[in-house]
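# Breakdown of the fold
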Amino acid sequence: MFGLFKSDPTKKLQKAYERKLEQAMHAARNGDMRANASLTEEAEAIRAEIEALKQG
């Protein structure tokens, strides 16, 4: 009953993951491959965190 109002941390991380991927896409379109690589790496770290939360 009290868990009803508890926020889901994976939703917040999923939004951050999608935001990073979008930023990486825009960096790639602008020709900044270095920024694309770093943003993609950050997005993958967030994805790994999401998977870890889902596992346990």
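Use the structure listed above.
Predicted model, so just to flag it, every value in this text is computed and none were measured.

This part takes up the overall build of the protein chain. The helix and strand inventory of the protein chain stands at two helices and zero strands. Whereas a compact globule of 56 residues would reach a radius of gyration of roughly 10 Å, the protein chain reaches 14 Å, over 25% beyond that. Projected onto its principal axes, the C-alpha coordinates of the protein chain cover approximately 50 × 20 × 10 Å. When burial is assessed residue by residue, the protein chain has 20% of its 56 residues classed as buried. A total accessible area of about 4,700 Å² is found for the protein chain, and carbon and sulfur atoms account for 55% of it. Here the protein chain holds 10 positive side-chain charges and 9 negative ones, and the gap between their average locations is 5 Å.

With that settled, the discussion passes to the side chain of asparagine 36. Tracing the chain through its elements places asparagine 36 in helix 2 (residues 33-55). A relative accessible area of 16% means that asparagine 36 is categorised as buried. The residues touching asparagine 36, leaving out its near neighbours within four places in the chain, are Ala24, Ala27 and Ala28.

As a rule of thumb, nonpolar side chains are buried together in soluble globular proteins. Judged by nonpolar contacts, Leu13, Ala16, Tyr17, Ala43, Ile46 and Ile50 together constitute the single largest core of six residues. Going through the elements one at a time, helix 1 (9-29) and helix 2 are the ones with two or more residues in this core.

What counts as what
- Residues numbered from 1 in each chain as written.
- Predicted model: local features only at pLDDT ≥ 70, side-chain atom pairs only at ≥ 80, totals over all residues.
- Heavy atoms only, no water.
- Helix = DSSP H or I, 4+ residues; strand = E, 2+ residues; numbered from the N terminus.
- Rg over C-alpha atoms; globule rule 2.2 N^0.38 Å.
- Buried < 20%, exposed > 50% of the residue type's maximum accessible area, 1.4 Å probe, protein only.
- Areas by Shrake-Rupley, 256 points an atom, 1.4 Å probe, with all protein chains shown as cover.
- Lys, Arg positive; Asp, Glu negative; His and termini not counted.
- Charge placed at Lys NZ, Arg CZ, Asp CG, Glu CD.
- Contact = heavy atoms within 4.5 Å.
- Core = buried A, V, L, I, M, F, W, Y, C linked by side-chain atoms within 4.5 Å.

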